[in-house]
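Observations on the model geometry
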Amino acid sequence: MKIGVSGASGHLGRAVVSQLLLRPGGHEVVAITRTPEAVSGPVQGRFGDYNRPESLAEAYAGLDRLLIITTVDPEPGKRGAQSVAAIDAAVRAGVKHIVLMSAVGTRQEEEPARGAAYWRGEQHLIATAPAWTILRMNFYAEAFVQLAQAAIRQGVLTGLTENRAAFVARDDVAAAAAGILIGDGHAGAIYNATGPERLSGAERAAIIAEITGQPLAFLAITQEQLRAGLTQAGLPAGAVHIVVSIQASFAAGAFDIVTGDVERLGGRPPKPLRDVLARALKSPSA
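Right, let's walk through the structure included here. (Residues numbered from 1 in each chain as written. Predicted model: local features only at pLDDT ≥ 70, side-chain atom pairs only at ≥ 80, totals over all residues. Heavy atoms only, no water.)

**Focus: the overall build of the chain**
- Helix and strand counts for the chain stand at eleven helices and eleven strands.
- Its C-alpha atoms give the chain a radius of gyration of 19 Å, within 12% of the compact-globule value 19 Å for 286 residues.
- Overall, the chain is about 55 × 40 × 35 Å in size when its C-alpha atoms are taken along their principal axes.
- Residues counted as buried form 50% of the 286 residues belonging to the chain. (Helix = DSSP H or I, 4+ residues; strand = E, 2+ residues; numbered from the N terminus. Rg over C-alpha atoms; globule rule 2.2 N^0.38 Å. Buried < 20%, exposed > 50% of the residue type's maximum accessible area, 1.4 Å probe, protein only.)

**Digging into the pairing of strand β4 (residues 65-68)**
- Neither face of β4 is exposed, since Arg 65 and Leu 67 on one face and Leu 66 and Ile 68 on the opposite face are all buried.
- Across four bridges, the pairing between strand β1 (residues 2-6) and β4 is parallel. Each bridged residue has a counterpart across the sheet, and for Ser 6 the counterpart in β4 is Ile 68.
- Following the backbone out of β4, through helix α3 (residues 78-92) and into the adjacent parallel strand β5 (residues 97-103), one traces a crossover that is right-handed. (Pairing = 2+ DSSP bridges. Right-handed = clockwise from strand over helix to strand, strands pointing away.)

**Some words on the side chain of Gln 247**
- Inspection of the secondary structure assignment puts Gln 247 in helix α9 (residues 237-251).
- Since its relative accessible area comes to 11%, Gln 247 is described here as buried.
- Setting aside anything within four residues of it in sequence, one finds Gln 247 in contact with Leu 147, Gly 159, Leu 160 and Leu 226. (Contact = heavy atoms within 4.5 Å.)

**Some words on the pattern of salt bridges**
- Counted by the stated rule, this structure contains 13 salt bridges.
- Measuring nitrogen to oxygen at the nearest pair gives 3.5 Å for the salt bridge that ties Arg 107 to Glu 109.
- Its relative accessible area of 45% is what places Arg 107 among the partly exposed residues.
- A relative accessible area of 22% places Glu 109 in the partly exposed class.
- Of the charged contacts in the structure, one is a salt bridge between Asp 172 and Lys 271, with a shortest N-O distance of 3.3 Å. Highlighted residues: Asp 172 in helix α6 (residues 170-182) and Lys 271 in the loop between α10 (261-266) and α11 (273-280), separated in sequence by 99 residues.
- Asp 172 gets classed as buried once you look at its relative accessible area, which sits at 0%.
- Each member of the salt-bridge network shares a partner with another, and the members are Asp 172, Arg 268 and Lys 271. (Salt bridge = Lys/Arg side-chain N within 4 Å of Asp/Glu carboxyl O.)

**Description of the sheet that holds strand β2 (residues 28-33)**
- In spatial order, the strands read β3-β2-β1-β4-β5-β6-β9; together these seven strands make up an open sheet with parallel pairing. Across the chains shown, the open sheet's two edge strands, defined by having one partner strand only, are β3 (44-47) and β9 (189-193). Taking the axes of each pair of neighbouring strands and ignoring which way they run, one obtains an average angle of 20 degrees across the sheet.
- The pairing of β2 with β3 spans four bridges and is classified as parallel. Residue pairing in the sheet places Thr 33 in a bridge with Phe 47 of β3.
- Taken strand by strand, helix α1 (residues 11-22) contacts β1, β2, β4, β5 and β6 (132-137), and its axis lies near 160 degrees from that of β1. (Axes fitted to C-alpha atoms, helices over the stretch in contact; angles between N-to-C directions.)

Shown next, in the form of structure tokens:
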């Protein structure tokens, strides 16, 4: 079986390729990226660029299964269009089973809302692919590390209202994706890759304080305060909107979900946020 990973040069793409190489079964792995020359080892590298749809037909040729990883392009409408182009190219290339990375809490929204691109991609996949699976991921634990580091500098962890989230480690998402790609019985399924526990803002702050030995509190702020602070810090308008949109998703409970899908698909329990933070923040006890 020939398995492709589209978006293979990103952090998640590389992790999925690594996970596939660890799995038995004799499958062939194809890494589709804008920099195929950087692909090494037993993996075949192919050029593919979401912004050049004509390149994807050859990139996806001969694949039995394909994982499409969306980009982080901030331009409204761009990511949705990229997903649609990739799905269409995969269908034309005859890919038998297409797996799409998405986000928990995805629902029908209009641009520039955070979930609009995911919703557009999901709906197009369901309508056009011969066989499909959707893997929705919770907020990355590694992305929260950056928020934790900023909170340590500022002396407070902020958020829009008190909220809960089940942060998931990138490698755990990769393991779940690899499990879908090499497994059977996943066609037509929508999975949610989450961490093992729902943590409130206060609980997240307490974990950071315990790891670093520095007191830290959680402070709920308004969207106006968040937007003003980000603008004052010099972030461009597009970046400000993305951050505010993500924090609004926290407040709306989009990340407040725990499932057993990582262990079911990846064959291992997901790592707690505490473990990821301990390594990243270089705790003496890590």
